Amino acid sequence: MKPFDRALLETSVRNILIAIGDDPDREGLQETPARVASAYEEMFSSLHQKAFTESKVFNSSLANDGELVVVADIPFYSMCEHHLLPFFGSVSVGYMPKNGRIIGLSKIPRLVDYVAKKPNVQENLTSQIGLELQKLVAPQGVAVVVKARHMCTEMRGIKKANSHTLTSFYSGAFKDKDYRIEFLQEIKNQ
Ligand SMILES: Nc1nc2c(ncn2[C@@H]2O[C@H](COP(=O)(O)OP(=O)(O)OP(=O)(O)O)[C@@H](O)[C@H]2O)c(=O)[nH]1
Ligand SMILES: [Zn+2]
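Cut-offs and rules
Residues numbered from 1 in each chain as written. Chains lettered and ligands numbered in written order. Predicted model: local features only at pLDDT ≥ 70, side-chain atom pairs only at ≥ 80, totals over all residues. Heavy atoms only, no water. UniProt positions renumbered as here; feature names shortened; annotations may be inferred. Salt bridge = Lys/Arg side-chain N within 4 Å of Asp/Glu carboxyl O. Helix = DSSP H or I, 4+ residues; strand = E, 2+ residues; numbered from the N terminus. Buried < 20%, exposed > 50% of the residue type's maximum accessible area, 1.4 Å probe, protein only.

- In the nomenclature of an unreviewed UniProt entry, the chain is known as GTP cyclohydrolase 1 of Lacticaseibacillus zeae subsp. silagei.
- The UniProt entry for the chain carries the following text under Subunit (unreviewed entry): "Homopolymer."

Here we look at the pattern of salt bridges
For step 1, the next point in the chain: Taken as a whole, this structure holds 7 salt bridges when the rule is applied.
For step 2, the next point in the chain: Residue R6 is joined to E10 by a salt bridge in which the shortest nitrogen-to-oxygen separation is 3.0 Å. With R6 and E10 both in helix α1 (residues 6-19), this residue pair falls 4 residues apart, about one helical turn.
For step 3, the next point in the chain: Assessed through its relative accessible area of 27%, E10 is described here as partly exposed.
For step 4, the next point in the chain: For R35, the salt bridge is made with E31, and the minimal N-O distance between the two is 3.7 Å.
For step 5, the next point in the chain: Given a relative accessible area of 48%, R35 falls into the partly exposed group.
For step 6, the next point in the chain: Using a relative accessible area of 51% as the deciding quantity, one classes E31 as exposed.

Structure representation (structure tokens):
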């Protein structure tokens, strides 16, 4: 795990400003390299964490192994690894407990944040959330649906404003179409 190199980032941002033909010493830009360094440190913070450590898994004698647990519409913000431009939207996560094992509800949005805070593509972000939850809770199955807008296709390039990209991950019990439909129905009803 490499440490965050603030000095290198500040120099690099200064060089970007020179390369685009602006003057990094003009009043409005003097603090920009430092500000961008702080913003990047925050936006890419999970690159400096070895693993997701926030999980809290409980055993519940009352959790019904056949019932879905669904957390819908968790907002996220990430940066695409191709252009370093934002992509953002919402994540809906469901799982079917096994042997009464459940995860603290707040840990699911924390997992989404952890996966979002590094350069990524939407498909991998979706699978990484699913695989990590599968590993942490070992449930009967995990379902993840991500809906996002990509600034690299809206503010540049093909310029298709407001289009959405949908990606999904299904494991275990959710390979069964009926459970997938139940999950999709639940997130639609939220
Ligand atoms: N599958 C996938 N593609 C992405 C994601 N974010 C950005 N991209 C795409 O990554 C591709 C990179 O293509 P390139 O041809 O190397 O880059 P480019 O010349 O900037 O491409 P254009 O955006 O078409 O101008 C583009 O088609 C982007 O739309 C993502 O999350 N998932
Ligand atoms: Zn992109």
